[in-house]
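Summary of structural features
Listed below are the residues making up each chain.
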Amino acid sequence: MSAVHEVELPDAAAARAWGRALATVLAAGDLVVLTGPLGAGKTTLTQGIGEGLEVRGQVASPTFVIARVHPSQVGGPDLVHVDAYRLGSLEELDALDLDTSLEDSVTVVEWGEGLAEVLAEDRLELVIDRPHGGAELSEEDLETADAGTRRVRVRAVGPRWADVELPTGG
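Cut-offs and rules
- Residues numbered from 1 in each chain as written.
- Predicted model: local features only at pLDDT ≥ 70, side-chain atom pairs only at ≥ 80, totals over all residues.
- Heavy atoms only, no water.
- Helix = DSSP H or I, 4+ residues; strand = E, 2+ residues; numbered from the N terminus.
- Buried < 20%, exposed > 50% of the residue type's maximum accessible area, 1.4 Å probe, protein only.
- Contact = heavy atoms within 4.5 Å.
- Areas by Shrake-Rupley, 256 points an atom, 1.4 Å probe, with all protein chains shown as cover.
- Axes fitted to C-alpha atoms, helices over the stretch in contact; angles between N-to-C directions.
- Parallel < 35°, antiparallel > 145°, perpendicular 65-115°, else oblique.
- Left-handed = near helix turned anticlockwise from the far one by under 90°.
- Nonpolar A, V, L, I, M, F, W, Y, C, P; charged D, E, K, R; others polar.
- Expected span 1.5 Å × (residues − 1).
- Pairing = 2+ DSSP bridges.
- Salt bridge = Lys/Arg side-chain N within 4 Å of Asp/Glu carboxyl O.

What to know about the overall build of the protein chain
Each helix and strand in the protein chain was counted, giving five helices and seven strands. Reading the protein chain from its N end, one meets helices and strands in the order β-α-β-α-β-β-α-α-β-β-α-β. Counting only residues that meet the buried cut, the protein chain has 46% of its 170 residues in that class. Contacts in the protein chain between residues far apart in sequence, at least 24 positions, make up 72% of those at least 6 positions apart. Entry remark: accessible area of the protein chain is about 8300 Å², with carbon and sulfur atoms responsible for 48%.

Examining the packing of helix α1 (residues 12-23) against helix α2 (residues 42-53)
Where α1 contacts α2, the axes come no closer than 6 Å and their chain directions differ by 45°. One way to sum up the angle between α1 and α2 is to call them oblique. The crossing of α1 and α2 is right-handed. In this structure, α1 uses Ala12, Ala15, Arg16, Trp18, Gly19, Arg20, Leu22 and Ala23 to contact α2, whose residues at the interface are Thr44, Leu45, Gln47, Gly48, Ile49, Glu51, Gly52 and Leu53. When the residues that make up the contact of α1 with α2 are grouped by side-chain class, the tally is eight nonpolar, five polar and three charged.

Considering α2
Look at α2: 17 Å from first C-alpha to last across 12 residues, which is about the 16 Å you get at 1.5 Å a residue. With 10 of 12 residues buried, α2 is to be regarded as a mostly interior element. Here α2 has its buried residues at Lys42, Thr43, Thr44, Leu45, Thr46, Gln47, Gly48, Ile49, Gly50 and Leu53. The inward-facing, buried residues of α2 contact α1, β2 (31-35), β4 (78-83), β5 (105-110) and β6 (123-129).

Some points on the pairing of β4
Within β4, five of the six residues are buried, which leaves the element mostly enclosed by the surrounding structure. Bridge count for β4 against β5 is six bridges, and the pairing is parallel. The residue of β5 that forms the bridge with Val80 is Thr107.

Examining the pattern of salt bridges
Under the criterion given, the structure shown has six salt bridges. A salt bridge links Arg160 to Asp30, with the nearest nitrogen and oxygen atoms 2.7 Å apart. Here Asp30 lies in the loop between α1 and β2 and Arg160 lies in the segment after β7 (150-157), a separation of 130 residues in the sequence. Here Asp30 falls in the buried class, since its relative accessible area comes to 5%. Between Arg155 and Glu125 there is a salt bridge whose closest N-O contact spans 2.8 Å. With Arg155 in strand β7 and Glu125 in strand β6, this pair connects stretches of sequence that are 30 residues apart. By relative accessible area, Arg155 is classed as partly exposed at 33%. Through salt bridges with shared partners, a single ionic network connects Arg123, Glu125 and Arg155.

Set out below in structure tokens:
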């Protein structure tokens, strides 16, 4: 089963709020694959998921550490936040041993398209677009990184998501 729907988020605050709402339907073992250009809001959305899961620590882009674990403060699943931007192969992804924490955590993989899908048959694939995202951000784009409507295409893959109602836009 593979269902697709779109969500429109008017700004970064709405992206965080939608992430919090998404966290209410996430459970241990869930995989979320985030795709979008630089500045699209992948980390912002993940911050909302972290807030909704009530995990410890500031959720920030794990670009240089590749993966960061945020333990639950309320007995729920931990958040494993991965940045696959610097990973060049499935072997490098496999070397992170994410499968050891998958069933006990919510795993969010930024830049995971084309790599992370092999981690789980059931997953959410989110593609985030925003008007000023791109490979190269101008100084003006950096100053307005929180501005601009994001369009999120959500693809629910696998039987886990068959009867789950995903949150609507912010």
